[in-house]
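Topology and contacts: notes
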Amino acid sequence: MLEYLMRRVLISIPVLILITIIIFVLMEIAPGDIADYFVGPEIEMSQEALQALRERFGLDQSPVARYVNWLSNVVRGDFGYRFMDGTRVTEVIGRRLSASLLLMSSALAIGIVVGVPLGVFIGQRQYSFWDFSLTGFSFLGISTPSFITGIVALLVFAINLRMFPAGGMRPVDRESTIWTTLHYLALPSMVLSLNFVATFMRYTRFSMLEVIRLDYVNTARAKGLTSNAVTWRHIVPNAILPVITVIGLSVPSLVVGAVFTETIFSWPGMGTLYLDAVRGRDVPLLMGMNLVIALFVLGANILTDIAYAVVDPRIRYD
């Protein structure tokens with residue numbers, strides 16, 4: 001198992017290097033001069049002063065030299081400083097990352113805990129009332145973007161029914177507790193998880209229907225095993241591999257959905273910070289956040305590979 005894990009990590013290293021090149025090239029080909037960020041429209045600056053500004057920030061060096069400098073700093077844990085206020089990028093990302101991880105992990109957990117069992121449930125009841133009803137719900141959940149779901153949920157549950165706070169991560173008039181954090185977390189995490197509940201339920205249903213009529217399942221039933229034993233010992237373990245693939249591939253969508261959800265619910269995470277960086281053209285922060293998101297997705301892929309090996313031990317020997 002350790003050798004399998006090491007092999008997956010080593011495969012991810014060239015992928016990560018390629019990602020850093022793509023991030024740097026995207027910032028390079030973005031329109032405009034980075035030095036213009038430091039020059040206000042009401043200030044007239046000579047070409048000599050502008051050149052001095054470029055030399056100060058290393059913008060006069062070749063792209064290759066700047067990429068090597070940036071990458072060597074990143075390896076040492078130095079992501080640079082924000083253009084907007086001069087704070088360290090690692091500190092800013094570190095403050096916001098925990099909030100985003102809390103929201104995304106909660107949404108993914110809800111998607112798995114609710115979506116997979118519902119897929120197993122309707123997979124055993126093909127063409128029943130529950131199958132048609134939950135399949136219709138899954139179509140609605142998959143086809144509705146999270147920013148529309150978020151606005152509707154905010155209007156109904158936060159403004160009209162007042163069941164949940166309309167935004168933020170904690171109350172401003174008292175100390176935050178676990179229960180208040182869960183109260184603030186509930187609505188945005190449910191909104192973000194809706195698409196994943198529907199997706200995981202659909203794929204689990206399909207996988208169940210492919211396995212449920214195979215010979216070894218009929219043999220298990222003929223031996224007199226109970227329905228639950230047949231389902232959870234013989235059907236689900238063999239039907240879950242495609243679902244694990246979908247869960248792993250859902251992580252990038254989870255990050256994108258978190259950007260909209262955090263904006264709608266004023267959740268102080270990476271999503272709102274990313275929009276601030278784009279609006280302010282804060283290049284060091286954008287590069288740092290893109291790299292952290294890439295690391296997050298690569299880590300999720302490695303966890304997915306480990307889950308493959310745990311569910312089906314034959315995979316680790318391939």
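Located above this text is the structure these notes cover.
A brief look at the structure comes next. Remember, predicted model here, so these are calculated numbers, not experimental data.

As a further point, take helix H3 (residues 63-75). With 13 residues, H3 should reach 18 Å at 1.5 Å per residue; the first-to-last C-alpha distance of 18 Å fits that figure. On its buried face, H3 is in contact with helix H1 (2-29) and helix H11 (283-311). Downstream of H3 by one or two residues, Gly77 has phi in the positive range, about 85°.

Residues Phe147, Ile148, Val152, Leu155, Val156, Phe157, Ile159, Leu161, Met163, Val256 and Phe260 make up a contiguous nonpolar surface patch of about 940 Å² in total accessible area. Among the elements of the structure, helix H6 (146-160) and helix H9 (227-264) are those that each provide at least two residues to the nonpolar patch. A total of seven residues in the nonpolar patch trace back to one element, the largest contributor, which is H6. Structurally, Leu161 is set in the loop between H6 and helix H7 (178-211).

Attention now goes to the nonpolar core. Soluble globular proteins: nonpolar side chains tend toward being buried together. Met104, Leu192, Phe200, Leu254 and Trp267 are the most contacted members of the largest nonpolar core, which totals 23 residues. Mapped onto this core, the elements with two or more residues apiece are helix H4 (89-123), H7, H9 and H11. At eight residues, H9 tops the list of elements feeding residues into this core. Residues contacting Leu254, with those up to four places away along its chain left out, are Met104, Ala107, Leu108, Leu192 and Phe196.

This next bit is on the packing of aromatic side chains. Scanning all chains against the criterion turns up eight aromatic pairs. Aromatic side chains Phe121 and Trp130 sit 6.0 Å apart centroid to centroid with 70° between the ring planes, which places their arrangement in the edge-to-face category. Judged by its relative accessible area of 45%, Trp130 is partly exposed. A network of ring pairs unites the aromatic residues Phe24, Tyr67 and Trp70 as a single cluster.

All right, on to helix H5 (residues 129-143) then. Over its 15 residues, H5 runs 21 Å from end to end, which matches the ideal 21 Å to within 8%, given 1.5 Å per residue. Residues Asp131, Leu134, Thr135, Ser138 and Gly141 constitute the buried set of H5. On an axial view of H5, the arc spanned by its buried residues comes to 120°, and they lie on one face. More than 90 degrees from the buried face of H5, the exposed residues found are Phe129, Phe132, Leu140 and Ser143. Where H5 is buried, its residues meet H4 and H7.

Another point: the side chain of Ser189. Residue placement: Ser189 occurs in helix H7. Looking at Ser189, its side chain comes within polar contact range of the main-chain oxygen of Ala186, at 2.9 Å. When neighbours within four sequence positions are excluded, Ser189 is seen to be in contact with Leu103, Ser106, Ala107 and Ile110.

Cut-offs used in this document
- Residue positions within a chain follow its written sequence, with the count starting from 1.
- Totals for whole chains, interfaces and linings use all residues, but because this is a predicted model, local features are given only for residues with pLDDT of at least 70 and pairs of side-chain atoms are given and counted only at 80 or more.
- For the side-chain quantities, the full set of heavy atoms in the structure was used; hydrogens and water were omitted.
- Here a strand is any run of E in DSSP of at least two residues, a helix any run of H or I of at least four, and the numbering for each starts at the N terminus.
- Expected helix span is taken as 1.5 Å per residue step, with the number of steps being one fewer than the number of residues.
- Contacts are assigned to residue pairs with any non-hydrogen atoms lying within 4.5 Å of each other.
- Surface patches are drawn from residues lacking salt bridges whose relative accessible area is over 30%; two like charges belong together within 9 Å, two nonpolar side chains (Val, Leu, Ile, Met, Phe, Trp, Tyr) within 5 Å.
- Surface accessibility in these figures is a Shrake-Rupley result with a 1.4 Å probe; residues are shielded only by whichever protein chains are displayed.
- We define a salt bridge as a contact between a side-chain nitrogen of Lys or Arg and a carboxyl oxygen of Asp or Glu at a distance within 4 Å.
- Put simply, a nonpolar core is a bunch of buried Ala, Val, Leu, Ile, Met, Phe, Trp, Tyr and Cys residues held in one set by side-chain atoms that sit within 4.5 Å of each other.
- Here's how the labels work: a residue is buried when its accessible area is under 20% of the maximum for its type, exposed when over 50%, partly exposed in between, all with a 1.4 Å probe on protein chains only.
- Aromatic rings from Phe, Tyr and Trp, with only the six-membered ring used for Trp, were paired whenever their centres fell within 6.5 Å, and each pair was classed as stacked if the ring planes differed by under 30 degrees, edge-to-face if by over 60, and tilted otherwise.
- Note: the arc covers the axis-to-C-beta directions of the helix.
- Within 3.5 Å is the distance limit for a polar contact, defined as a pair of N or O atoms, with the added protein rule that one can donate a hydrogen and the other accept it, and that residues adjacent in sequence qualify only through two side-chain atoms.

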